[in-house]
Amino acid sequence: MDFNMKKLASDAGIFFTRAVQFTEEKFGQAEKTELDAHFENLLARADSTKNWTEKILRQTEVLLQPNPSARVEEFLYEKLDRKVPSRVTNGELLAQYMADAASELGPTTPYGKTLIKVAEAEKQLGAAERDFIHTASISFLTPLRNFLEGDWKTISKERRLLQNRRLDLDACKARLKKAKAAEAKATEAGGWCVGAHGCPALPCPAQAEQELRVAQTEFDRQAEVTRLLLEGISSTHVNHLRCLHEFVKSQTTYYAQCYRHMLDLQKQLGRFPGTFVGTTEPASPPLSSTSPTTAAATMPVVPSVASLAPPGEASLCLEEVAPPASGTRKARVLYDYEAADSSELALLADELITVYSLPGMDPDWLIGERGNKKGKVPVTYLELLS
């Protein structure tokens with residue numbers, strides 16, 4: 001018990017000395033040991049790295065999981081060292097709703113068939129999103145989190161210890177300065193040594209110099225340890241750079257999968273009868289007082305290009321069709337397109353082709369020419385130029 005009381009009293013004395021030194025520095029009444037410029041730059045770079053890592057981590061979490069409630073739930077599971085339950089993505093939930101709607105509204109109707117196809121694509125998008133979130137969390141978020149919860153905590157601990165060592169050093173410098181001043185005053189008064197003649201508040205200069213040397217050694221040792229940790233921030237930057245490349249790679253893969261799934265969906269919808277892809281025409285005629293029989297009689301029937309020729313001769317007649325004297329335009333292909341049959345023209349993204357329309361054609365299609373090849377092309381895959 002006596003040993004513990006002595007240690008408690010010693011710790012209290014050290015704490016009080018540091019508090020006095022810190023307070024006097026804040027009021028400009030005590031000198032402060034300044035760190036060298038290189039060390040200060042290392043400290044500033046470490047602080048900046050920590051601050052920006054926190055911001056990037058938090059915003060990436062928002063990107064991967066926009067729902068704040070879900071983020072809080074995942075955070076609690078991680079703190080409790082429990083596995084985060086699997087969560088249905090928004091795309092998968094939308095796919096389920098569309099599939100249920102198709103089942104109830106009629107899976108054999110054009111609308112029902114389209115709902116089923118779109119549901120399949122949305123399910124694929126949801127699965128791709130799930131893989132992206134998992135990959136990004138492991139390859140990007142986890143290293144950033146490990147830095148903040150591991151390396152940065154070690155650096156912060158050593159910095160606090162360095163601060164304490166500096167306060168001890170400056171307190172020793174202040175005591176030595178006061179001891180020398182008191183010794184000089186005592187010498188003038190009669191030559192007494194202040195520390196040796198009953199003044200416990202101030203040790204003699206020799207004792208104060210010994211304490212200063214010990215404090216200087218401890219400060220230098222702690223400064224070197226802290227410097228090595230701060231210089232390790234360069235390695236942290238290298239590691240975070242590699243993780244950033246992994247994040248970009250996973251994000252590129254994710255968006256490439258989404259593009260491929262939606263492109264396949266668009267091709268499938270373009271071949272569905274009664275599907276309106278990329279047209280600005282209304283899906284149904286405007287309501288009027290005309291009876292259904294009259295409306296059906298007055299609605300024009302739009303023949304396809306194949307219906308312009310006798311059966312079995314669609315391809316032949318299409319090749320023999322001459323472009324109009326005026327009305328041809330250049331068009332840039334937006335996406336790759338695989339021809340469904342011999343009447344269509346396969347397309348490659350970014351190529352330029354000549355397009356024109358024939359009387360009676362479906363407005364969603366044009367005739368495209370590339371060299372000596374000719375065929376139908378979907379309007380939604382084109383950007384019409386002059």
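Preceding block: the structure.
What you are looking at is a predicted structure, and each value in this text was computed from that prediction instead of being measured.

(A) Fine view of the pattern of salt bridges. For the structure on display, the rule yields 15 salt bridges. Glu61 is the partner of Arg145 in a salt bridge, and the nearest nitrogen-oxygen pair spans 2.7 Å. Highlighted residues: Arg145 in helix 5 (residues 110–189) and Glu61 in helix 2 (residues 37–64), separated in sequence by 84 residues. Notably, a salt bridge pairs Arg166 with Asp170, separated by 2.5 Å at the nearest N-O pair. Pair noted here: Arg166 and Asp170 are both in helix 5, with a separation of four residues, about one helical turn. As far as the burial class goes, Arg166 and Asp170 line up, both buried. Salt bridges here are not isolated pairs; linked through shared partners, they connect Asp36, Glu224 and Arg227.

(B) Examining a nonpolar patch on the surface more closely. There is a patch of nonpolar side chains on the surface, built from Val88, Leu93 and Tyr97 and spanning about 310 Å² of accessible area. Mapped onto the elements, Val88 comes out in the loop between helix 3 (68–79) and helix 4 (90–105). By relative accessible area, which is 55% here, Val88 ends up exposed.

(C) Looking closely at the nonpolar core. Ranked by size, the top nonpolar core spans 33 residues in total, and within it Phe132, Phe140 and Leu230 carry the most contacts. If one sorts the elements of this core by residue count, helix 5 sits on top with 16 residues. Once residues within four sequence positions are removed from consideration, Leu230 is found in contact with Phe39, Leu42, Leu43, Arg45, Ala46 and Ile155. Within the second largest apolar cluster, 17 residues are counted, among which are Ala331, Val333, Leu345 and Leu358.

(D) Molecular detail of the packing of aromatic side chains. Throughout the structure, instances matching the rule amount to eight aromatic pairs. Between Phe132 and Tyr254, the aromatic rings sit 4.9 Å apart at their centres with planes inclined by 5°, giving stacked as the arrangement. A residue pair is termed long-range when its members are at least 10 positions apart, and Phe132 in helix 5 and Tyr254 in helix 7 (residues 233–270) qualify at 122 residues. A single burial state applies to Phe132 and to Tyr254, both of which are buried. Seen from their ring centres, Tyr335 and Tyr381 are 5.7 Å apart, and the 90° between their planes marks the pair as edge-to-face. You can see Tyr335 sitting in the loop between strand 1 (329–333) and strand 2 (352–356) and its partner Tyr381 sitting in the loop between strand 4 (373–378) and strand 5 (382–384), a full 46 residues away along the chain. An aromatic cluster of at least three residues, connected via ring pairs, comprises Phe132, Phe140, Phe247, Tyr254 and Tyr255.

What counts as what
- Per-chain numbering applies: the sequence of each chain, read as written, is numbered from 1 onward.
- Under the rules for a predicted model, residues below a pLDDT of 70 receive no local features and side-chain atom pairs below 80 are neither given nor counted, while totals for whole chains, interfaces and linings still include all residues.
- Hydrogen atoms and water are omitted, and side-chain values are computed over all heavy atoms in the structure.
- The rule for a salt bridge is simple: a side-chain nitrogen of Lys or Arg has to be within 4 Å of a carboxyl oxygen of Asp or Glu.
- By definition, any uninterrupted DSSP run of H or I lasting at least four residues is a helix, any uninterrupted run of E lasting at least two residues is a strand, and each is numbered from the N terminus.
- Accessible area is worked out with a 1.4 Å probe on protein chains only. A residue is then buried under 20% of its type maximum, exposed over 50%, and partly exposed in between.
- A patch is a set of surface residues, each over 30% in relative accessible area and not in a salt bridge, joined within 9 Å for like charges and within 5 Å for the nonpolar side chains Val, Leu, Ile, Met, Phe, Trp and Tyr.
- Here the Shrake-Rupley method, with its probe set to 1.4 Å, supplies the accessible areas, and only the displayed protein chains count as covering residues.
- Among buried residues, the Ala, Val, Leu, Ile, Met, Phe, Trp, Tyr and Cys ones that are joined through side-chain atoms within 4.5 Å form a nonpolar core.
- Contacts between residues were defined by any pair of non-hydrogen atoms, one from each residue, lying within 4.5 Å.
- To pair, rings of Phe, Tyr and Trp, with the six-membered ring standing in for Trp, must have centres within 6.5 Å; the planes then decide the type, stacked if under 30 degrees apart, edge-to-face if over 60, and tilted in the middle.

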